[in-house]
Amino acid sequence: MKPNVLLVALTLCLATALNPAQAQFPGMGAPAAKKALPGTAGDTSPKGTAKVTGSVTDSTSSSGVEFASIALYSKKTNKAVDGTVADEKGKFTLNKLAAGEYKALVSFIGYREKTIDNLTLIDGQSLDLGVIKLSTNTKTLNEVTVTGQAALIEEKVDRLVYNADKDIAAKGGDATDVLRKVPLLTVDLDGNVTLRGSQNIRVLINNKPSTIVASSVADALKQIPADQIKTVEVITSPSAKYDAEGSGGIINIITKKNSLQGLNLNVDSGVGNRGSSLALNGGYRKGKTGFTVGGFGRAIYNTITKTELDQTSRGQGDVFRTSQTGDGLTEGVFGQYNLGFDHDLAKNQSITGGVKYGVRNFNSQQDLITNVFRNSTLSETSFRNVDAKNLSGTVDVNLDYLHTFKSQQEWSISTLYSRNDLTNNFEADLLNRLGAITARQKNLNKNVNQEFTLQTDYQTPIKKNQLIEFGAKAILREVRSDFEYRFGGATGELTRQANELGELTYNQNIAAAYTSYTYTTKKRYTFKGGVRYEHTFIDASTRGGGRLGIADYPVVVPSLNASKTIKGTTLKLGYNRRIQRPGLQQLNPNFNAANPQNIQIGNPLLLPELTTNFELGLSKTIKKTFVNATFFARYTNNAIVQVRTPLDSIPGAIITSFENIGRQRAYGVNLFTNVAATSKINVGIFLNAFYSSLSGQVLDENNRPEMLNNDGMNISGGSFMQATFKNGWGAQAFGFLQGQTVQLQGMQGGFGFYTIGVKKDFKNKKGSVGLAAENFLQNRFNIRTTLNSSQFDQLNNVYLYNRGVRATFTYKIGKMTMDAPRKKAKSVNNDDVKSEGGEQQGGGAPGGGQRRQ
């Protein structure tokens, strides 16, 4: 790793870390109560000169109740006219109140509400309500009766939030089962995720990155139990505070946290015809300190896949046609184990830390029968049994510190070490027509991806309607890939070939700094602009080839977001520029010939993509119906795309690699509506549609430049329904359809997915049982992909047998009391590396896939 990146990074970090208090601005007064900014949608207060002050405390401890809600109601209309929340000391202030008669409602989770009646204000009066004591609500959780249900999907200023803890049918599954139901996202039947058609996304878990996500998003999601997911946040237009990489956006998965005093243990389990799971999660909290421990394991089995491949390659005067069938069976074991703690050093300071280990052992077997025709004459028939192992182990260690000075003014330091050990091996037996082994092959590929991150962030308000943020970050990243091929006869030791041995060492170090400014006017205009600078240092080499000579590169990425509310309709505008660095599987030069007719290899010489994004969003609530429409455009140059060409050394074979040859343009719309039919029934419909145009230059069979162009519409959509009934019963249904997807050299086939589930809560509310079924009306799905160029034509049919049913059981052990939530230290977010995912699908999200600093 280059020493100069350490100097740059430490200089940036220490500039803000040594004395954050000096970053305050003149004219800033004493800590103010948290309330809506003047002129924003949340400011509906009447205009006058009266003022109400007071403080909210716990009746037992006499400590201030931070975040307590104070709502002011008009006695005449009985409607809320103003409101605020208490600061860290429990104090609050309501300003600019009109003369009149009011009542105040003071409330907070875990406390009994208190109403202060008969408040009479005159112009210019300052009324002090004194100390308002709230007594603890001693009712246990199982005594609470919910009369309505929270929205399954919410829209916030910069993100869409899916409340996964309301999802009945996902229990017993993993994160892919949850993400399938989130508007804007598409999850294929292999678990690959796209956002508005782009696989250039970053997936964070509790605002933290992980090296397993950099290797494969699909594999990372399989390690997260659905039962532990609280919300999924889809951020389409991140600010300068987020890492510059990514053109698709950010998916932040928030897991359930324990804010209860005492000891607790949750058991979640599920069993089905294609998979079973078991999760144990416990926690202990006493006073200022809390500990969490958890474990999750899931086994998948009985996963059958059948394939049909028909491809024709042209070159050197011959035409080769390959006809291949395959029968496959996949089994896997996934797990995630974590240990964490948090501690309040003082009332306004906290540290959090944790260790997490994830494991994924994925084994697949495939029997291939291949016929190769040369100029319409059968020239070769081969029988091949392949046993592939995809094994992964990931360790994440984090330690974070947060100092809160007052409302919206805070300073944080975050550190993260992450390491992913990945093995991609296969063994192949070559058979004759009688089934006897005639030869054997083995490919060994071990990869290590590790990184260390140090960052610091500071934010402070300027008056009451402005906020400034700035920070710095350093990422030290190293990727290594060792690979070799071994060959042999039917028996005996396999021989390693000297010319089939390789190694890639790829050091990528990043120094970054940013600043962001938010301003809200009195006429309900909100502007947020920022700029981020990142410098990437590359040092890469291969065995035998030496240094690759990839130049370092700087990038400046601006961002601007604006919003305005007009008569209940919120309009949002977004602009940003992003880059996308290549990921491990795109760089890995291992020659993967598990299927010798369809070979894959990475390209360590890849450079980053450059993307510009635009977004216009409109949203409105009409009675019980919420409607959202977002129009977006994305322009990408130097795009990393999959390119397929015939391989002369193997008759009829096609090799797939990655090149910086693409130019992508995408224009589309996302539509979503949610209807609260009753207080217990929710219905939602969403549609994603965009036009994409792709172009790039490749070499033809005579090594002459050839331009490739493809365009078309990409359409997907779905619907869901959720209902709760008496006596603890609930039900949910979901369906999704994905049409064909445009690629540079063809079209990828569409697919469908649907599920239905029911759940019954126990009377004591401590547990539940459920039953869910998916794709139960048909035996299999067919994904049909057609690719072509002047050198080849390929038709690939994949048949997935995924009809499934599972039963679930959950139970909570322990008796807890509610504790006020504490603001915990922020964690590192690294979302700047393109995941394995395969080819980017040509869609566009206006927000770049950046990670939060």
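Residues numbered from 1 in each chain as written. Predicted model: local features only at pLDDT ≥ 70, side-chain atom pairs only at ≥ 80, totals over all residues. Heavy atoms only, no water.

### With respect to the overall build of the protein chain
Part 1 of the argument: When its secondary structure is counted, the protein chain shows 5 helices and 43 strands.
Part 2 of the argument: The contacts of the protein chain with a sequence gap of at least 6 include a subset with a gap of at least 24, amounting to 69%. (Helix = DSSP H or I, 4+ residues; strand = E, 2+ residues; numbered from the N terminus. Contact = heavy atoms within 4.5 Å.)

### Points about the side chain of Asn424
Part 1 of the argument: Among the secondary structure elements, Asn424 is positioned in strand β21 (residues 409–431).
Part 2 of the argument: Classification of Asn424 by relative accessible area gives buried; the value is 16%.
Part 3 of the argument: Separated by 3.0 Å, the side chains of Asn424 and Asn390 make a polar contact.
Part 4 of the argument: Not counting chain neighbours up to four residues away, the residues in contact with Asn424 comprise Lys389, Asn390, Asn443, Leu444, Asn445, Asn447 and Gln585. (Buried < 20%, exposed > 50% of the residue type's maximum accessible area, 1.4 Å probe, protein only. Polar contact = N/O pair within 3.5 Å; in protein donor to acceptor, adjacent residues only side chain to side chain.)

### Comments concerning the sheet that holds strand β2 (residues 69–74)
Part 1 of the argument: The 4 strands lie next to each other as β3-β2-β5-β6, forming an open sheet whose pairing is antiparallel. Both outer strands of the open sheet, β3 (80–85) and β6 (114–121), are each paired with one neighbouring strand and no more. This sheet shows a mean twist of 20° between the axes of neighbouring strands, independent of strand direction.
Part 2 of the argument: Where β2 meets strand β5 (residues 100–107), 6 bridges bridge the pair, whose relative direction is antiparallel. (Pairing = 2+ DSSP bridges. Axes fitted to C-alpha atoms, helices over the stretch in contact; angles between N-to-C directions.)

### Section: the packing of aromatic side chains
Part 1 of the argument: For the structure on display, the rule yields 19 aromatic pairs.
Part 2 of the argument: Taking the centre distance of 6.1 Å and the plane angle of 50° together, the rings of Phe334 and Phe362 count as tilted. Of this pair, Phe334 sits in strand β18 (residues 318–346) while Phe362 sits in strand β19 (residues 349–374), and the two are 28 residues apart along the sequence.
Part 3 of the argument: Residue Phe334 is classed as buried on the basis of its relative accessible area, which comes to 2%.
Part 4 of the argument: Ring geometry for Tyr485 and Phe487: centres 5.9 Å apart, planes at 15°, overall stacked.
Part 5 of the argument: Residue classification places Phe487 among the partly exposed positions, given a relative accessible area of 28%.
Part 6 of the argument: Taken together through their ring pairs, the aromatic side chains of Tyr575, Phe614, Tyr635 and Tyr667 make up a single cluster.
Part 7 of the argument: Sitting over the ring of Tyr73, Lys103 keeps its end group 5.8 Å from the ring centre.
Part 8 of the argument: The ring of Tyr525 carries Lys564 above its face, with NZ or CZ at 4.3 Å from the centroid. (Phe/Tyr/Trp six-rings, centres within 6.5 Å; stacked < 30°, edge-to-face > 60°. Lys NZ or Arg CZ within 6 Å of the ring centre and 35° of its normal.)

### Looking at the sheet that holds strand β7 (residues 126–134)
Strand pairing in a sheet relies on backbone hydrogen bonds. The paired strands run either parallel or antiparallel.
Part 1 of the argument: In space, the 3 strands of this open sheet follow the order β4-β1-β7, with mixed pairing throughout. With partners counted over all chains shown, the strands left at the sheet margins are β4 (91–97) and β7, one partner each. Averaged over neighbouring strand pairs, the angle between their axes works out to 15° when direction is ignored.
Part 2 of the argument: Examined bridge by bridge, strand β1 (residues 50–58) and β7 share 7 bridges and lie parallel to one another. By the bridge assignment for β7, Val52 is matched with Leu127.

### Examining unusual backbone geometry
Part 1 of the argument: The phi angle at Lys463 is positive, at roughly 60°, despite the residue not being glycine.
Part 2 of the argument: In this fold, Lys463 is placed in the loop between β22 (437–462) and β23 (466–489).
Part 3 of the argument: Lys463 sits in the exposed class, given a relative accessible area of 69%.

### Quick notes on the environment of Gly767
Part 1 of the argument: Residue position: Gly767 is located in strand β39 (residues 767–774).
Part 2 of the argument: The class for Gly767 is buried, based on a relative accessible area of 6%.
Part 3 of the argument: C-alpha of Gly767 to C-alpha of Asp268: the two residues are 499 residues apart in sequence and 9.2 Å apart in space.
Part 4 of the argument: When neighbours within four sequence positions are excluded, Gly767 is seen to be in contact with Lys760, Asp761, Phe762, Thr810 and Tyr811.

### Re the pairing of β21
Part 1 of the argument: As paired strands, strand β20 (residues 377–406) and β21 are joined by 23 bridges and run antiparallel to one another. Within β21, the position partnered with Lys406 by the bridge is Gln409.
Part 2 of the argument: With antiparallel pairing between neighbouring strands as the criterion, β20 and β21 make up a hairpin whose turn holds 2 residues, including Gln408 at a positive phi of roughly 70°.
Part 3 of the argument: Looking at chain direction, β21 and β22 are connected through 20 bridges and run antiparallel. Counted as the bridge partner of Ser414 is Gln455 from β22.

### A few points about the confidence of the model for the protein chain
Part 1 of the argument: In the predicted model, the protein chain carries a mean pLDDT of 81, and the fraction of residues at 70 or more is 81%.
Part 2 of the argument: Taken together, the stretch residues 1–46 has pLDDT below 50 and engages in 103 contacts with residues farther than four places along the chain or on a different chain.
Part 3 of the argument: Segment residues 138–150: pLDDT under 50, and 15 contacts once partners within four positions in sequence are set aside and those in other chains are kept. (pLDDT = per-residue confidence, 0-100.)

### Looking at the pairing of strand β9 (residues 159–162)
Part 1 of the argument: The two faces of β9 match: Arg159 and Val161 on one face and Leu160 and Tyr162 on the other face are all buried.
Part 2 of the argument: Where β9 meets strand β13 (residues 229–235), 4 bridges bridge the pair, whose relative direction is antiparallel. Residue pairing for β13: Arg159 is matched across the bridge by Ile235.

### Some thoughts on the side chain of Ser313
Part 1 of the argument: Its place among the elements puts Ser313 in strand β17 (residues 289–315).
Part 2 of the argument: Every residue in contact with Ser313, bar those within four places of it in the chain, is listed here: Asp318, Val319, Phe320, Pro646, Gly652, Gln791 and Phe792.

### A closer look at the environment of Arg196
Part 1 of the argument: Within the element layout of this structure, Arg196 appears in the loop between β11 (193–195) and β12 (201–205).
Part 2 of the argument: Along the primary structure Arg196 and Asn670 are separated by 474 residues, whereas in three dimensions their C-alpha atoms are 7.9 Å apart.

### Digging into a nonpolar patch on the surface
Part 1 of the argument: A cluster of nonpolar side chains, namely Tyr337, Val355, Tyr357, Val395, Val397, Tyr417 and Phe452, defines an oily patch on the protein surface of about 560 Å² accessible area.
Part 2 of the argument: In this structure, Tyr357 sits in strand β19. (Patch = residues over 30% accessible without salt bridge, like charges linked within 9 Å, V, L, I, M, F, W, Y side chains within 5 Å. Areas by Shrake-Rupley, 256 points an atom, 1.4 Å probe, with all protein chains shown as cover. Salt bridge = Lys/Arg side-chain N within 4 Å of Asp/Glu carboxyl O.)

### Focus: the nonpolar core
Part 1 of the argument: Core analysis: the largest hydrophobic core is formed by 25 residues, its most contacted members being Val52, Val56, Leu72, Leu119 and Leu129.
Part 2 of the argument: Contributions of two or more residues to this core are made by β1, β2, β4, β5, β6 and β7. (Core = buried A, V, L, I, M, F, W, Y, C linked by side-chain atoms within 4.5 Å.)

### Observations concerning the pattern of salt bridges
Pairing between side chains becomes possible if they bear opposite charge and their charged atoms approach one another.
Part 1 of the argument: In this structure the tally under the stated criterion is 19 salt bridges.
Part 2 of the argument: The salt bridge involving Glu478 is made with Arg480; its shortest N-O contact spans 3.5 Å.
Part 3 of the argument: Residue Glu478 is classed as buried on the basis of its relative accessible area of 17%.
Part 4 of the argument: A residue is classified by how much of its surface remains accessible, and Arg480, at 26% relative accessible area, is partly exposed.
Part 5 of the argument: Through salt bridges with shared partners, a single ionic network connects Glu484, Arg486 and Arg496.

### Looking at the environment of Gln697
Part 1 of the argument: With respect to the element layout, Gln697 can be found in strand β33 (residues 681–699).
Part 2 of the argument: For the pair formed by Gln697 and Asn660, sequence separation is 37 residues and the distance between their alpha carbons is 9.5 Å.
Part 3 of the argument: Residue contacts for Gln697: discarding those within four places in its chain leaves Ile661, Pro705, Glu706 and Met707.

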